[in-house]
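# Residue-level structural notes
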Amino acid sequence: MALESVVDVAVVGNGVLGLSVAVEVARRAPRLRVAVIGPTDREGAATAAAGAMNNCFGEVTTHTGRHPASRAKFAIAREALAAWPAWRDMLADTAEPETAAALTGSRSAGTFIILSSASGHIAEDNFEAISRALVQHHQPHQDVDPSVIEGLNPQRHLRPLRALHLPGEGAIDARRVLSALETAARVRDVQLVPTTAHCLTVRSGSVRGVRLADGGTLTAGTVVVAAGSMSLAFIDGVLPPGAVPPMFHGTGLAAIARRPHRGGAPDVIRTPNRAASCGMHVVPLPGPDRQYIGATSVITAHPPVGPELGTAADLLQTVCTQIDQDIYSARVERWLCGRRPIPLDCFPLIGPVPSLPGLILATGTYRDGFHCSPVIARHLADIILDPGPAGRDTDFDCLRPERPPIWTMTPRQAVTETVRHYLDALDEHGHRIPPVLTEEPLADSLHRRTQQLYEQLRQPAALPPEIALSEFVLPSRDAAGPGQLTQLNDYLDAARRHHVPAEPDPTAMSCSDGRP
């Protein structure tokens with residue numbers, strides 16, 4: 001490309017969200033000049049490593065309906081579940097024949113959610129929450145005998161207690177979708193810029209484009225940053241402190257494996273979301289006897305250099321013992337590693353940033369970015385093509401990027417929930433306390449450590465358990481330590497200053513009725 005180029009819309013990030021936004025804008029406004037910036041290798045990108053389950057109800061937890069932001073996030077996921085068939089067909093229309101056939105034929109017939117006998121209380125509670133949500137929303141489902149599920153072959157002592165079949169929720173190959181999105185972008189004359197964005201260009205308080213790592217400049221009327229867990233690096237030092245919740249990196253490790261013989265599951269088999277982690281899952285892929293096996297979640301404040309060996313061991317041990325023993329002899333075709341973008345409060349950052357006109361964020365989607373991408377793309381295309389406020393989807397209102405953190409619990413509840421997640425995680429990883437002892441001393445110790453964290457916070461907060469455990473209560477990784485607490489306090493102070501109006505001056509005169 002030229003050293004300097006001009007476009008109407010520049011998208012930073014060539015994962016599923018960035019490409020989906022670009023394709024949707026170009027599809028609806030073919031005269032606009034749209035560019036997508038991102039290296040072809042997508043190192044560390046969440047999309048390229050995704051299992052790509054189209055799960056909405058499969059992601060339900062006990063907290064899904066307890067807060068307006070949680071309900072809004074769930075509503076978006078439900079809308080995406082309905083949008084995927086048409087979105088998939090649109091991509092297949094322009095894809096290469098092999099990819100098109102895989103897209104239209106690879107979506108599995110459904111999802112089985114199993115409650116393993118190794119599960120802790122949190123997985124049990126979330127399984128019940130899924131069941132209630134399916135009934136409440138009149139979603140097709142069936143309680144099934146786990147012994148009849150094809151491809152489910154756990155160790156005898158870890159046989160599932162219960163299982164649900166969700167015929168409306170399946171999966172699609174993320175790698176095929178990325179290929180189809182790139183083709184759809186080219187067909188619609190979207191410029192694909194195969195390099196890394198270096199920084200935003202800002203003049204007179206507005207974003208005016210992107211400076212590229214190769215020294216080039218892309219001038220744009222609107223810039224969409226959809227760079228996953230690295231998205232906020234582009235606004236560091238540009239936005240006022242505390243304007244946007246900080247981002248964490250959720251490193252997930254998975255594998256694509258080829259079975260030595262037929263007999264694998266033709267449907268998704270997964271567990272509910274479990275203690276401080278996503279559910280484990282086995283997903284069928286196009287091709288003979290190929291399966292996606294995932295996934296892990298290690299949350300850090302800074303991007304790690306790679307996945308931990310211990311997480312690979314835990315993943316394979318759990319999947320082989322609780323889902324399918326035959327996976328033990330499968331051949332690894334490819335290891336996948338990506339970083340999920342996880343804001344401090346675990347809620348997405350979607351929409352314009354008022355303090356920096358011209359900037360739109362599309363990140364922070366944690367586990368839901370791939371599934372929700374058609375709806376997020378449509379929402380952001382609405383904003384780009386018609387910047388006025390009319391007709392906006394209110395489900396996204398509380399997920400706007402420039403906002404205070406969303407706390408869904410009280411601090412006391414957050415302490416209790418953190419302890420529950422830790423104890424359940426111990427159970428799921430095989431920790432056993434002898435019958436002559438109890439877990440009470442361990443629970444008391446962790447409760448004290450968590451309570452000490454909250455006593456050191458200068459502002460009220462209720463951290464999600466996975467964030468508290470990973471970075472503050474049990475800081476055992478290189479990125480964690482006392483400095484993280486200082487940064488958290490600095491952010492909470494800045495967020496309060498930025499988002500909470502100043503206290504009214506009691507000596508000031510009110511103009512409402514002319515009286516002091």
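Located above this text is the structure these notes cover.
Now for a quick tour of the structure. Not measured: the values here are computed from a predicted model.

### Concerning the overall build of the protein chain
- The secondary structure content of the protein chain amounts to eleven helices and 17 strands.
- Projected onto the principal axes, the alpha-carbon positions of the protein chain cover approximately 70 × 60 × 45 Å.
- Residues classed as buried in the protein chain amount to 56% of the 516 residues present.
- Carbon and sulfur atoms make up 52% of the accessible area of the protein chain, which amounts to about 22,500 Å² in all.
- Side-chain charges in the protein chain split into 47 positive and 54 negative, and the spacing between the mean points of these groups amounts to 2 Å.

### Remarks on the packing of aromatic side chains
- Scanning the entire structure with this criterion turns up two aromatic pairs.
- On the numbers, 5.3 Å between centres and 85° between planes, the contact of phenylalanine 57 with phenylalanine 74 is edge-to-face. Of this pair, phenylalanine 57 sits in the loop between strand 2 (34–37) and helix 2 (68–94) while phenylalanine 74 sits in helix 2; the two residues are 17 residues apart in sequence, bridging distant segments of the chain.
- Overall, the relative accessible area of 0% leaves phenylalanine 57 in the buried class.
- With 5.5 Å between their ring centres and 5° between their planes, tryptophan 84 and phenylalanine 370 make a pair best called stacked. Taken as a pair, tryptophan 84 in helix 2 and phenylalanine 370 in helix 7 (residues 369–385) lie far apart in primary sequence, 286 residues in all.
- Judged by relative accessible area, phenylalanine 370 falls into the buried class, the value being 8%.
- When the ring centre of phenylalanine 347 is taken as reference, the NZ or CZ atom of lysine 73 above it lies at 5.8 Å.
- The ring of tyrosine 366 has arginine 367 lying over it, and the distance from NZ or CZ to the ring centre is 4.6 Å.

### A few points about the pairing of strand 5 (residues 162–166)
- Most of strand 5 is tucked away: four of the five residues are buried.
- In terms of strand pairing, strand 3 (residues 111–115) meets strand 5 through five bridges, oriented antiparallel. Its bridge partner lying in strand 5, isoleucine 114 is registered against alanine 163.
- Pairing geometry for strand 4 (residues 142–143) and strand 5, over two bridges, is antiparallel. By the bridge assignment for strand 5, aspartate 143 is matched with leucine 164.

### Overview of the nonpolar core
- Formed by 70 residues in total, the largest nonpolar core has its most connected members in Leu91, Val177, Leu181, Val224, Phe370 and Leu380.
- Among the elements that line this core, the one with the most residues is helix 2, at twelve residues.
- Setting aside residues no more than four positions away along its own chain, leucine 91 makes contact with Leu103, Val177, Ala180, Leu181 and Ala184.
- Of all hydrophobic cores here, the second largest spans 31 residues; its members include Ala301, Leu457, Leu488 and Ala495.

### Details of the packing of helix 1 (residues 16–28) against helix 5 (residues 174–187)
- Where helix 1 contacts helix 5, the two axes come as close as 9 Å, and the packing angle between them is 30°. Classified by the interaxial angle, the pair formed by helix 1 and helix 5 is roughly parallel. The crossing of helix 1 and helix 5 is left-handed. Across the interface between the two elements, Val16, Leu19, Ser20 and Val23 from helix 1 touch Leu178, Leu181, Glu182, Ala184 and Ala185 from helix 5.
- A breakdown of the residues in the contact of helix 1 with helix 5 according to their chemical character gives seven nonpolar, one polar and one charged.

### Here's the deal with the pattern of salt bridges
- Applying the stated criterion across every chain yields a total of 24 salt bridges.
- Here aspartate 125 and arginine 420 are joined by a salt bridge, their closest N and O atoms 3.0 Å apart. One end of the pair, aspartate 125, is in helix 4 (residues 121–136); the other, arginine 420, is in helix 8 (residues 411–428), with 295 residues separating them in the sequence.
- Given a relative accessible area of 29%, arginine 420 falls into the partly exposed group.
- Of the charged contacts in the structure, one is a salt bridge between arginine 290 and glutamate 333, with a shortest N-O distance of 2.9 Å. Placement of arginine 290 in strand 13 (residues 290–294) and of glutamate 333 in strand 15 (residues 331–343) is noted, with a sequence separation of 43 residues between them.
- Taking relative accessible area as the criterion, arginine 290 reaches 14% and is therefore assigned buried.

Basis of the calculations
- Residues numbered from 1 in each chain as written.
- Predicted model: local features only at pLDDT ≥ 70, side-chain atom pairs only at ≥ 80, totals over all residues.
- Heavy atoms only, no water.
- Helix = DSSP H or I, 4+ residues; strand = E, 2+ residues; numbered from the N terminus.
- Buried < 20%, exposed > 50% of the residue type's maximum accessible area, 1.4 Å probe, protein only.
- Areas by Shrake-Rupley, 256 points an atom, 1.4 Å probe, with all protein chains shown as cover.
- Lys, Arg positive; Asp, Glu negative; His and termini not counted.
- Charge placed at Lys NZ, Arg CZ, Asp CG, Glu CD.
- Phe/Tyr/Trp six-rings, centres within 6.5 Å; stacked < 30°, edge-to-face > 60°.
- Lys NZ or Arg CZ within 6 Å of the ring centre and 35° of its normal.
- Pairing = 2+ DSSP bridges.
- Core = buried A, V, L, I, M, F, W, Y, C linked by side-chain atoms within 4.5 Å.
- Contact = heavy atoms within 4.5 Å.
- Axes fitted to C-alpha atoms, helices over the stretch in contact; angles between N-to-C directions.
- Parallel < 35°, antiparallel > 145°, perpendicular 65-115°, else oblique.
- Left-handed = near helix turned anticlockwise from the far one by under 90°.
- Nonpolar A, V, L, I, M, F, W, Y, C, P; charged D, E, K, R; others polar.
- Salt bridge = Lys/Arg side-chain N within 4 Å of Asp/Glu carboxyl O.

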